[in-house]
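What follows is each chain in one-letter form.
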Amino acid sequence: QQQQQQQNPNNNNEKSSRSSMENELVVKVACKVYACEEVCENKYQIRSKTCRSCLNAKEVFVEKGDEMASRFCQKCTKFHGVDMFEGGRKACKMSLKKVQEKNKVIFAKQKMLLKEWEEAMTRRTTTTTTTAVK
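Residues numbered from 1 in each chain as written. Predicted model: local features only at pLDDT ≥ 70, side-chain atom pairs only at ≥ 80, totals over all residues. Heavy atoms only, no water.

Draft legend 1. Representation of the pairing of strand 3 (residues 70–73) in the model. Taking every second residue as pointing to the same face, both faces of strand 3 are buried, with Ser70 and Phe72 on one and Arg71 and Cys73 on the other. Between strand 3 and strand 4 (residues 78–81), which pair antiparallel one after the other, the connecting turn spans 4 residues, and Thr77 there sits at a positive phi close to 55°. (Buried < 20%, exposed > 50% of the residue type's maximum accessible area, 1.4 Å probe, protein only. Helix = DSSP H or I, 4+ residues; strand = E, 2+ residues; numbered from the N terminus. Pairing = 2+ DSSP bridges.)

This is the structure we're talking about:
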């Protein structure tokens, strides 16, 4: 180890300078909602370019000339008109409908598999009882 440090004495300094450079490269992303001056704090907020308070707001105006209030959909990661949401939900009607349709298909498959299994068990028990009677 001492030989390695002697051969490359700047090794520790390189690591500390790299980490300080990484800290300097942090980019602050401003919220895209009109008149909001907050900064996005985590990866999700940066990806959607929306700060925490605007993500959770019941209604916001995304652009200056917007006449219709919008709300952020946590399923689509987009803003939709407030009329696209039911009550205080944070997922739009379209995304909820997609989930509902997907669940219907899954439930139908499960129901079919259960019915097949019950029929197989019924056949199995009837063949067992008839062989036992003979």
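Here the narrative resumes, following the displayed structure.
Draft legend 2. Focus on the side chain of Ser95. In this fold, Ser95 is placed in helix 5 (residues 93–133). Among the residues examined, Ser95 registers a relative accessible area of 8% and is labelled buried. Dropping the residues within four chain positions of it, Ser95 is found in contact with Cys73, Lys75 and Cys76. (Contact = heavy atoms within 4.5 Å.)

Draft legend 3. Inspection of the side chain of Thr50 at higher detail. Along the polypeptide, Thr50 turns up in the loop between helix 3 (43–48) and helix 4 (52–56). Residue Thr50 is classed as buried on the basis of its relative accessible area of 0%. At 2.9 Å, the side chain of Thr50 and the backbone oxygen of Ser48 are in polar contact. (Polar contact = N/O pair within 3.5 Å; in protein donor to acceptor, adjacent residues only side chain to side chain.)

Draft legend 4. How the structure looks around the pattern of salt bridges. One pass over the structure, following the stated rule, counts 3 salt bridges. A salt bridge links Arg52 to Glu41; the shortest N-O distance between them is 2.5 Å. Of this pair, Arg52 sits in helix 4 while Glu41 sits in the loop between strand 2 (39–40) and helix 3, and the two are 11 residues apart along the sequence. Glu86 is the partner of Arg89 in a salt bridge, and the nearest nitrogen-oxygen pair spans 4.0 Å. Residue classification places Arg89 among the partly exposed positions, given a relative accessible area of 44%. (Salt bridge = Lys/Arg side-chain N within 4 Å of Asp/Glu carboxyl O.)

Draft legend 5. Structural context of a nonpolar patch on the surface. A contiguous nonpolar patch, built from Leu114, Trp117 and Met121 and spanning about 310 Å² of accessible area, is present on the exposed surface. Note that Leu114 resides in helix 5. (Patch = residues over 30% accessible without salt bridge, like charges linked within 9 Å, V, L, I, M, F, W, Y side chains within 5 Å. Areas by Shrake-Rupley, 256 points an atom, 1.4 Å probe, with all protein chains shown as cover.)

Draft legend 6. Summary view of the packing of aromatic side chains. A full pass over the atoms with the stated rule returns 2 aromatic pairs. Arranged with centres 6.3 Å apart and planes meeting at 85°, the rings of Tyr44 and Phe72 form a pair that is edge-to-face. Of this pair, Tyr44 sits in helix 3 while Phe72 is found in strand 3, placing the two residues 28 residues apart along the sequence. Relative accessible area serves as the criterion here: at 27%, Tyr44 is assigned to the partly exposed category. (Phe/Tyr/Trp six-rings, centres within 6.5 Å; stacked < 30°, edge-to-face > 60°.)

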